[in-house]
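# Close look at the chain arrangement
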Amino acid sequence: MVGTSKRLPAIQRLVEIKTVAEQLHFKISTLLLHGGKVGEAVTWFRQHNGSYRRLVGTPEAVFLHWEWMSRQFLVFGELLDKSSAAITNISSLALGTADKPLSEWESRPAYYYQLAAHYLKEKRACLELALSMSETGNEMDNGAESVVPSAYVGQFARLLEQGDEFAMQSLTDEEYIRFAVVEGKRFQDSYEIIALLKKSYESYSNLKVQRMGSFCGFQIGKEYYMAGEFNNAKQLFDDIASLYRREGWVTLLWEVLGYLRECARKYGTVKELIEYSLEMAALPVSSGTDTQMKYRENGPAGPASLARREEIHKDVFGLVIGESGLSSVERNDDLKITLDNPLHLEIDLVSPLRLVLLASVAFHEQKIKPSAPTLITLSLLSQLPLTVEIDQLEVQFNQSNCNFIIMNAQRPPLAATADDKQGHRVESSSSLTLSTNKWLRLTYDVKSDQSGKLECTSVIAKMGPHFTICCRAESPASMEDLPLFKFEDRVETSPTKDPALAFTGQKAIQIEEPDPQVDLNLGASGPALVGERFIVPVTVSSVGHAVYSGELKINLVDVRGGSLFSPRETEAYSLDSHHVELVGISVPEGKDETQLDTDEINKIQKSFGLFSVPFLKCGESWSCKLEIKWHRPKPVMLYVSLGYSPYSFESTAQKVNVHKSLQIEGKTAIVISHRFMLPFRQDPLLLSRIKAVADSDLPASLPRNETCILLVSAKNSAEVPLKLLGMTLQEDNEDTGRPCSVRHEGEDLLEPALLVPGEEFKKIFTVISEDDSSKLTIGTACVTWTRDSGSKAASVLTKQTLPDVNVESPPLVVSLDCPPYAILGDPFTYLVKIRNQTQLLQEVKFSLADAQSFVLSGSHNDTVFVLPKSEHILSYKLVPLASGVQQMPRFTVTAVRYSAGFQPSIAAYTIFIFPSKPHFKGAAVGTGG
Amino acid sequence: MHFQAEESEVPMATTACFIIVSRNDIPIYETELGSAAKREDAAQLHQFVLHAALDVVQDLAWTTSAMFLKAIDRFNDLVVSVYVTAGHTRFMLLHDSRSDDGIKSFFQEVHELYIKTLLNPLYLPGSRITSSHFDTKVRGLGRKYL
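Residues numbered from 1 in each chain as written. Chains lettered and ligands numbered in written order. Predicted model: local features only at pLDDT ≥ 70, side-chain atom pairs only at ≥ 80, totals over all residues. Heavy atoms only, no water.

An unreviewed UniProt entry lists chain B under the name Trafficking protein particle complex subunit 2, with Carya illinoinensis as the source organism.

The name recorded for chain A in an unreviewed UniProt entry is Trafficking protein particle complex subunit 11 domain-containing protein, from Carya illinoinensis.

A separate point is the side chain of E247(A). By secondary structure assignment, the location of E247(A) is in helix α9 (residues 230–247). By relative accessible area, which is 6% here, E247(A) ends up buried. If near-sequence neighbours (up to four positions away) are discounted, E247(A) is found in contact with R211(A), D25(B), I26(B), P27(B), H51(B) and L54(B). (Helix = DSSP H or I, 4+ residues; strand = E, 2+ residues; numbered from the N terminus. Buried < 20%, exposed > 50% of the residue type's maximum accessible area, 1.4 Å probe, protein only. Contact = heavy atoms within 4.5 Å.)

Turning next to the pattern of salt bridges. Where charged atoms from two side chains of opposite charge come close, those side chains can pair. Counted under the stated rule, the structure contains 25 salt bridges over all chains. R71(A) serves as the salt-bridge partner of E22(A), at 3.1 Å between the closest nitrogen and oxygen. Of the two residues, E22(A) is situated in helix α1 (residues 10–34) and R71(A) in helix α3 (residues 62–84); the sequence distance between them amounts to 49 residues. The exposure class assigned to R71(A) is partly exposed, which follows from its relative accessible area of 31%. The shortest N-O distance in the salt bridge between E512(A) and K367(A) comes to 3.9 Å. Here K367(A) lies in strand β6 (residues 367–368) and E512(A) lies in the loop between β16 (508–511) and β17 (518–522), a separation of 145 residues in the sequence. Here the salt bridges share partners, and the residues they tie into one network are R211(A), E247(A), D25(B), D55(B) and R90(B). (Salt bridge = Lys/Arg side-chain N within 4 Å of Asp/Glu carboxyl O.)

Residue and element names in this part refer to chain A. In this model, α1 (25 residues) spans 36 Å end to end at C-alpha, consistent with the 36 Å of a helix rising 1.5 Å per residue. Turning to α1, its buried residues are I11, Q12, L14, V15, K18, T19, A21, E22, H25, S29, L32 and L33. G36 sits one or two residues past α1 and shows a positive phi near 80°. (Expected span 1.5 Å × (residues − 1).)

Residue and element names in this part refer to chain A. Per-residue confidence for chain A gives a mean pLDDT of 76; residues scoring 70 or more make up 78%. Counting interchain partners and residues more than four positions distant, the pLDDT-below-50 stretch residues 1–5 has one contact. Between residues 924–929, whose pLDDT stays under 50, and residues either more than four places distant or in other chains, the model counts four contacts. (pLDDT = per-residue confidence, 0-100.)

Residue and element names in this part refer to chain A. Interaxial distance between helix α4 (residues 109–133) and helix α6 (residues 173–185) falls to 10 Å at its minimum, and their mutual angle equals 120°. By the criterion of interaxial angle, the relationship of α4 to α6 is oblique. Note that α4 runs across α6; the crossing there is left-handed. Residue-level inspection shows L127, A130 and L131 of α4 in contact with α6, the latter providing V181, G184 and K185. Looking at the contact of α4 with α6, its residues break down into four nonpolar, one polar and one charged. (Axes fitted to C-alpha atoms, helices over the stretch in contact; angles between N-to-C directions. Parallel < 35°, antiparallel > 145°, perpendicular 65-115°, else oblique. Left-handed = near helix turned anticlockwise from the far one by under 90°. Nonpolar A, V, L, I, M, F, W, Y, C, P; charged D, E, K, R; others polar.)

Right, let's get into the environment of Y224(A). Residues and elements named next belong to chain A. As for its placement among the helices and strands, Y224 is situated in helix α8 (residues 210–227). Look at Y224 and you get buried, because its relative accessible area is 7%. If sequence neighbours within four positions are ignored, Y224 has contacts with I194, K198, E229, N232, A233 and L236. A polar contact is formed between the side chain of Y224 and the side chain of K198, at a distance of 2.8 Å. (Polar contact = N/O pair within 3.5 Å; in protein donor to acceptor, adjacent residues only side chain to side chain.)

Right, let's talk about the sheet that holds strand β38 (residues 796–801) of chain A for a bit. Hydrogen bonds along the backbone pair up the strands of a sheet, which may run parallel or antiparallel. Residues and elements named next belong to chain A. Here four strands make up an open sheet; going across it, the order is β34-β32-β37-β38 and the pairing antiparallel. This sheet does not close on itself; its edge strands, each paired only once, are β34 (753–755) and β38. Neighbour-to-neighbour, the strand axes of this sheet turn through a mean angle of 35°, independent of strand direction. Sheet topology note: the strand β37 (residues 780–787)/β38 ladder contains six bridges and is antiparallel. Its bridge partner lying in β38, W785 is registered against V796. (Pairing = 2+ DSSP bridges.)

Turning to empty space enclosed by the protein, a few remarks are in order. All names here are of chain A. Counting across every chain of the model gives eight cavities of 30 Å³ or more. In this structure, the largest cavity spans a volume of roughly 80 Å³. Looking at the largest cavity, the residues that line it are D683, P684, L685, L812, V813, V814, V893, T894, A895, A900, G901 and F902. Secondary structure elements with two or more residues in the lining of the largest cavity: β29 (682–684), β40 (812–817), β48 (891–895) and β49 (900–902). (1 Å grid on protein atoms, 1.4 Å probe; cavity = no way out; pocket = protein on both sides within 12 Å on 5 of 7 lines; lining within 4 Å. Points joined across faces, edges and corners; volume = space filled by probe spheres on them.)

Next comes the structure, spelled out in structure tokens:
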């Protein structure tokens, strides 16, 4: 065989060379990558690629070259793929040399797969060419079947069967080409290409390299499209289109949309076809580049030019309006917009179709009264290349009775719309023509009877009998521009003529409540008094509106803010924690029985109340009384609001609210105070008094087994006269038994005592402590009173617990004894009695000072010892020398054991001296002696 | 050699596609430079390649303080060179292998032109450059350096 070998024909020789080179390259690459030298392997591959790339070969065998190229990239990519699992961090490798640095992608398998697919595409194109040239060579098929790879790498030979003998016969170039073409036909290149690109696409997606991925995706989509798998193609194209839309690569988007449009056409989905077509027509592909785009073999989109956009625009509107004669559409019967198959497009704030139709709506005012008309400006903008005529515009609001329709006066009214515009206002406009990038501004009146928010939701444009575009309304103030339409020389236009409105205009307006025509009156007078049920009359009188399902809301709020009870005191007053409370609502008798239905709301809480108001005709009035009780003096805000609907009982009906508030002062009416008094001229020595003089907070002390007088006084601290109905001293705990006896001096009041403001009412009780306990509970002073208002108001009970008192046994009691009065020159006896109540001997020092108006007999100073449980009496004789109120001689007693000095009060010394013996009449003579 | 003749059959493409991409990734200027016969599908393919190369620029721009990023990506025999301005506007040039020096000068001169455009008070940064003056100047620079 070796001897017979000769130079192969040119094509086969090239094939052989490349095959051998491929083998060698494969081995070298494998070794390099196995050693982890990625950089070197890539450099090696680049060199290999560089040396063979240009060896294309003869034109008829070019496909062999591209197939070979593709294989190189595929194989190297796979090798890299396998080894890159072992190499974790490729980017950290020092790649390439200084003069030819490697890009990051050259170490990624995805790059090679992508290029493999690229060359495979080239191969397919060339193979198709070769096939078309060799159409006639079918008869050679059987001859080609016997061609097999020969023993040498890269060589092919024909196998000849001669009986049992096999012989290899070398091929001519023509024969080889024929064989290769037939071989090539057997492969489904499309699927191969898709598989390669998919690998690349997934790899890029994993790396989060979106744009590279999109490029691959676009190529896959194109392959699918060519293979007729429109569904797969559409999915991919949709993804890619969204990226290009976002980044504004218009030319690329145009290309992708062209494919999408064709996919939709092939599927017969009219809606998508129209959507894609409209988007394409509105794309800002620059018209200036027409000339240089001529050379291009375009995708289905056609050249990105203004002319093409206009063509698409005409196509779409021809279809929409129903004019036939569209060559592209006629092929498919499904692509018709008819009565049964109407088309409705939605354009929202993020839709790419905002380019096609943009609706900006601005109210001229921000707030209006109900039923007052206001102006609304509707601005439409389209970027379509040709002018568009709109047949009818429908403006929709959230309050559907405000909707209105604008008819194009130049068009005959559409028959189909006659039925659906019932109940809506119909306006007419002289022209509804949208020119490219020019705002169509329409201003109309709107009025609404319903209060609340009135918002324009959408604008529906009707073009042709069965085609509508619903465009979400946008406020000019918050409108985003069209990102694709930012051109240097493009004049910024505002949707409204008034520039201020363009900056601040809103698509929503606030409609105020109608003015209430009902009076609400709170008729409280003067401050409230603590404890009473204070009455606040509330009058609802209708002056223009009837009151349907009226509802009175009552709120009590602390004037200083915060709640009506102090948290510190919540525990003590857990049951009665509100200082001010709403006790009740009463309706004047005689009317209420029929009106207060059981199902009507009637809720009362401590500081909140809800009360139904019966139906009132226009001109009627109704009143009720709020009863509020103060537990503490506190100013309070009373809020009363009446909500009613002026027209009907329906719960959805609009409510009108009237508010009234009133500040009410809460005041203490009765201040109760008390005082203890001991018998006149009798002073017990109370040890606790001696010790703590400074501390005045100590509870009062009473001597044991002595009669004390309790004086309770009630003072009117209010500004109105009060009637006092009675005063008692209540025992707090009846069952434990009282350790003292309390007696009323005198009887209960026979008739109420009138107290003018500031006046005091006093009542005397006697207290005798009997028990041995050191504490004495006096009880609670209860005062019953009422306002002196003439009408019979409920009496109020004011209670005050009197503080406990200490009880102690005095060791010594000093008492003075002298007659109630004296007569000038008449001697009388003045006794000082010192009673020792202890079991001990008490040493007592005393001294007596002289007095001007008296002559006295007896010792001035001495020390005496008082025996246990006995009484020592010092006796003096006094002769008055002057008449009138005179001071008797003062004396001081000092108990040595307790080091306590004692001096009676000035009042105890005072005595009245008559100049001569008085003559009393009647009973007075008897007592006077 | 026998192959020598074949090699010369492949046309030396002198094609170049130049694009200015704003900081929001939106192309604001695009042009085809070079005068030689163009292959079918070329302009569209060029844009695809340039768009894909944005991914690389995104990574690379923050790793260096230089404005000229040299050849950052290659597709087949086409190379992408990028120049990033301080405002992160990217000049992207798709070309076949060529000296870096010419490209660098080209970029620098275009940068100057671009700054002049920016200084125009009527030009809104980030919007498309449609001035014919700018276009003519860029094409002139292309002829001069590329």
